[in-house]
Amino acid sequence: MTQFLLPLIPWILLAFIGITLLRLIIGPSLGDRLVALNVLSGLALGFLVVQGLLQGRELYLDVALVYDIFGFLGFLAFAFFLKNKSNGDNP
Amino acid sequence: MNPILFWAREVLALLFFLFFLVFGLSGLLGLFRFPDPWSRLQASSVTSTTSVFSLLTALLLIAPSWAMASRILIIMAFFMISSPTGSHIIARFLWFSGLPHWMPEEKDKG
């Protein structure tokens, strides 16, 4: 039963990513954009893993793991940089 | 593989796909309905962490080979660490940048 559902999941994930992108563009303040970024990295990870399973290649799962690690590091650096920019006094 | 095990995995995977849909939609709805970044942060962390985690468990259940299942398990372990921490980082950033939080107007309280 799930083999009928599995090809549908990437489309659902793409719809979620599209809606979150909408929030990323509209987002009035900086906080909204960071929030949308956090959701996007999670959904992209899900998309990679589903593709890895659909095409039966384990390589995509390794890609998903590395993506998650670097996405998290990038997010860390991003938030740290913004913290300095916003109030600028404490490091 | 005996059919009982097969159908148990199928039904459980469907259940977790359902969780993925429910949490994803509710989080997305919250992302757009809530008034300020603070509450949107709560809605978005629901979407990104819980729904993707239940999606990964569903995929873990229907993984064709042990090689894939072990990789998905590692991804789930690391995702459980990185996603809530990311949400915490945003909360700290919002806190230190002193973003004004939403307050109901005076007339609403009356």
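Quick look at the overall build of chain A now. Counting its regular elements, chain A contains four helices and zero strands. Since a compact globule built from 91 residues should have a radius of gyration of about 12 Å, the 16 Å found for chain A marks it as more spread out than a globular shape. Along the first, second and third principal axes, the C-alpha atoms of chain A reach 55 × 25 × 15 Å. The buried share of chain A, taken over its 91 residues, is 41%. Partitioning the intrachain contacts of chain A with sequence separation of at least 6 by distance along the chain shows that 46% fall at a separation of at least 24. Summed over its atoms, the accessible surface of chain A is roughly 4,600 Å², and 76% of this surface lies on carbon and sulfur atoms. Both charge centroids of chain A, one from 5 positive and one from 5 negative side chains, sit 11 Å from each other.

Bringing the interface of chain B and chain A into the picture now. Much of the literature gives interface size as the accessible area that the parts lose upon coming together. On the chain A side, the residues contacting the 47 residues of chain B number 47 residues. For the pairing of chain B and chain A, the buried interface totals around 4,100 Å² over both sides, and the portion due to carbon and sulfur atoms is 81%. For the pair chain B and chain A, the number of links is two salt bridges. Note that Asp32 of chain A and Arg40 of chain B form a salt bridge whose closest N and O atoms lie 2.7 Å from each other.

To continue, consider the layout of surface pockets. Residue and element names in this part refer to chain B. Here the largest pocket is characterised by a volume of approximately 210 Å³. Looking at the lining of the largest pocket, the elements with two or more residues in it are α2 (37-61) and α3 (66-96). Residue classes in the lining of the largest pocket are distributed as six nonpolar, one polar and one charged.

Moving on: the environment of Val52 of chain B. Here Val52 of chain B lies in helix α2. Residue class for Val52 of chain B comes out buried when judged on its relative accessible area of 0%. Taking the C-alpha atoms as reference, Val52 of chain B lies 19 Å from Phe32 of chain B; in sequence the two are 20 residues apart. Beyond its immediate stretch of four places on either side in the chain, Val52 of chain B contacts Gly42, Leu43 and Gly46 of chain A together with Thr47 and Phe79 of chain B.

In this section: the packing of helix α1 (residues 3-33) of chain B against α2 of chain B. Residue and element names in this part refer to chain B. At a minimum axis separation of 8 Å, α1 and α2 run at an interaxial angle of 165°. With respect to α2, the element α1 is oriented roughly antiparallel. Where α1 crosses over α2, the two elements pack in a sense that is left-handed. Within the contact of α1 with α2, the residues separate by chemical class into 15 nonpolar, nine polar and two charged.

The subject of this paragraph is helix α2 (residues 9-26) of chain A. Residues and elements named next belong to chain A. Taking 1.5 Å of rise per residue, the 18 residues of α2 would be expected to cover 26 Å, and the 26 Å separating its terminal C-alpha atoms lies within 8% of that figure. The complete set of buried residues in α2 reads Ile9, Pro10, Ile12, Leu13, Phe16, Ile17, Thr20 and Arg23. Buried residues along α2 cover an arc of 155° about the axis, so they all sit on one side. Residues of α2 that are exposed and angled more than 90 degrees away from the buried face: Trp11, Ile25 and Ile26.

Glancing now at the confidence of the model for chain B. Residues and elements named next belong to chain B. Residue-level pLDDT values for chain B average 85, and 95% of them are 70 or greater. Per-element mean pLDDT across chain B ranges from 61 in helix α4 (residues 106-109) up to 89 in α1. Two numbers describe this predicted complex: its pTM, 0.85, and its ipTM, 0.84.

To continue, consider the side chain of Asn38 of chain A. Tracing the chain through its elements places Asn38 of chain A in helix α3 (residues 30-54). Those residues in contact with Asn38 of chain A that sit more than four places away from it in its chain are Phe75 of chain A together with Ser48, Ser83, Gly86, Ser87 and Ile90 of chain B.

Reading guide: rules and limits
- Residues numbered from 1 in each chain as written.
- Chains lettered and ligands numbered in written order.
- Predicted model: local features only at pLDDT ≥ 70, side-chain atom pairs only at ≥ 80, totals over all residues.
- Heavy atoms only, no water.
- Helix = DSSP H or I, 4+ residues; strand = E, 2+ residues; numbered from the N terminus.
- Rg over C-alpha atoms; globule rule 2.2 N^0.38 Å.
- Buried < 20%, exposed > 50% of the residue type's maximum accessible area, 1.4 Å probe, protein only.
- Contact = heavy atoms within 4.5 Å.
- Areas by Shrake-Rupley, 256 points an atom, 1.4 Å probe, with all protein chains shown as cover.
- Lys, Arg positive; Asp, Glu negative; His and termini not counted.
- Charge placed at Lys NZ, Arg CZ, Asp CG, Glu CD.
- Buried area = accessible area lost by both parts, 1.4 Å probe.
- Salt bridge = Lys/Arg side-chain N within 4 Å of Asp/Glu carboxyl O.
- 1 Å grid on protein atoms, 1.4 Å probe; cavity = no way out; pocket = protein on both sides within 12 Å on 5 of 7 lines; lining within 4 Å.
- Points joined across faces, edges and corners; volume = space filled by probe spheres on them.
- Nonpolar A, V, L, I, M, F, W, Y, C, P; charged D, E, K, R; others polar.
- Axes fitted to C-alpha atoms, helices over the stretch in contact; angles between N-to-C directions.
- Parallel < 35°, antiparallel > 145°, perpendicular 65-115°, else oblique.
- Left-handed = near helix turned anticlockwise from the far one by under 90°.
- Expected span 1.5 Å × (residues − 1).
- Arc of directions from axis to C-beta.
- pLDDT = per-residue confidence, 0-100.

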